[in-house]
Amino acid sequence: MLMKLNPVLLYRSTASVLSSVALQRTSTPFRHYKRLLYIGMAEMGEHVDRTQHSERESLVSKATVISVSNASETVKTLSLKVEDKNLVFKPGQWVDFVIPDIAQVGGFSICSTPMKLRMSGMLDLAVKASEAAPAKWVHENCHLGSEVKIRVGGDFHYNPQVGDSQSDLLLIAGGIGINPIYSILQHATDLLREEEVGESAAKPGSIVLLYTAETKQELIYRRALQMIGEMFPNKITVKMFITQGEESGDIPGRVNLGRIAAFHVTTVFLYEFMIVRFLSL
């Protein structure tokens, strides 16, 4: 039985892109969709303020930066070695990011998978440059060996269990909002691999990812996403778009719909879940 979706509202303001999806509660691997869900407004105050009513784990762990790299001109990727082996997360969640001597707490979505954390004790974050103190520290002062503290939180997650019915996914991401979506997509591919080798695993259905950024360079997981689509051509479809710069054969230009009307959304009903994550483009 497909989930009924209320009309999807997507609109652009001068400061941000707001995506909202109203979904009825059903027995699904996605949680907390009874209310209208707003995810990822670019200009909505500090992380702690806007997530004060979100789920948070009680466990706080030290973590050490073991890798820093440039994903694009505006995004840095961090790999953290997590000290406490009891720390776990669900794909789609974020971490409170506490930096010594900086009062403001950062909030960054995890872009790696639970399997990577289980196997290596590591998790990855991708942080877009901004004037916020935590992001500024990541881009200007973070280095190998830097120590921080992290705590997992977030109501937006994908965590299907063995025995759940197959669920088709429509994933939509804009800009740095790809981070939790990338974690979800990678987790789904982990489950598909386990299924291929006969291991007991939850079984994702068909998956479609629509991902847009300003330029091709800002599509920060472009090649990895293309490889995922090539690896599971009968299960996963990846479509990427840019809003500025030159088009190329594999990356078309922007979708020029100023407003999405009801008939544009009819295909959504082919999917049991619609997951939307937009930040400022």
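Figured I'd write up the structure that's included with this text. (Residues numbered from 1 in each chain as written. Predicted model: local features only at pLDDT ≥ 70, side-chain atom pairs only at ≥ 80, totals over all residues. Heavy atoms only, no water.)

What to know about the overall build of the protein chain
Consideration 1: When helices and strands are counted, the protein chain shows 5 helices and 13 strands.
Consideration 2: Restricting the contact set of the protein chain to residue pairs at least 6 apart, pairs at least 24 apart contribute 71%. (Helix = DSSP H or I, 4+ residues; strand = E, 2+ residues; numbered from the N terminus. Contact = heavy atoms within 4.5 Å.)

Things to note about helix H5 (residues 222-231)
Consideration 1: Those residues of H5 that fall on the buried side of the exposure criterion are Leu225, Gln226, Ile228 and Gly229. The buried residues of H5 occupy an angular sector of 155° when the element is viewed end-on, so they sit on one face.
Consideration 2: Among the structural elements, helix H4 (178-196), strand E11 (207-213) and strand E12 (236-242) are those in contact with the buried residues of H5. (Buried < 20%, exposed > 50% of the residue type's maximum accessible area, 1.4 Å probe, protein only. Arc of directions from axis to C-beta.)

Observations concerning the environment of tryptophan 137
Consideration 1: When you line up the elements, tryptophan 137 lands in helix H3 (residues 133-140).
Consideration 2: Separated by 35 residues in sequence, tryptophan 137 and isoleucine 102 place their C-alpha atoms 8.9 Å apart.
Consideration 3: Sequence-distant contacts of tryptophan 137, that is, excluding residues within four places in its chain, are made with Phe97, Ile99, Ile102, Cys142, Ser146 and Val148.

Let's talk about the side chain of histidine 47
Consideration 1: Its place among the elements puts histidine 47 in helix H1 (residues 47-50).
Consideration 2: In this structure histidine 47 touches Arg56, Trp94, Val95, Asp96, Val105, Gly106 and Gly107, once residues within four positions along its chain are discounted.

Description of the packing of aromatic side chains
Consideration 1: Evaluation of the coordinates by the stated rule reveals 3 aromatic pairs.
Consideration 2: Considering the side-chain rings of tyrosine 182 and tyrosine 221, the 3.9 Å spacing of their centres and the 15° angle between planes classify their relative orientation as stacked. One end of the pair, tyrosine 182, is in helix H4; the other, tyrosine 221, is in the loop between E11 and H5, and 39 residues separate them in sequence. Each member of the pair, tyrosine 182 together with tyrosine 221, is buried. (Phe/Tyr/Trp six-rings, centres within 6.5 Å; stacked < 30°, edge-to-face > 60°.)

Brief notes about the environment of isoleucine 181
Consideration 1: Here isoleucine 181 is to be found in helix H4.
Consideration 2: Residue isoleucine 181 is classed as buried on the basis of its relative accessible area of 1%.

Topic: the nonpolar core
Consideration 1: Counting residues in each nonpolar core, the largest one holds 31 residues, and the members touching the most others are Ile178, Leu209, Tyr211 and Leu225.
Consideration 2: Put simply, the parts of the chain that give this core at least two residues each are strand E10 (169-174), H4, E11, H5 and E12.
Consideration 3: Sort the elements by how many residues they give to this core and H4 lands first, with 7 residues.
Consideration 4: Contacts of tyrosine 211, omitting those with residues within four sequence positions, involve Ala173, Gly175, Ile178, Glu218, Leu219, Ile220, Tyr221, Leu225, Lys239, Met240 and Phe241.
Consideration 5: Counting 23 residues, the second-largest nonpolar core is a separate cluster that includes Leu87, Phe89, Phe108 and Val138. (Core = buried A, V, L, I, M, F, W, Y, C linked by side-chain atoms within 4.5 Å.)

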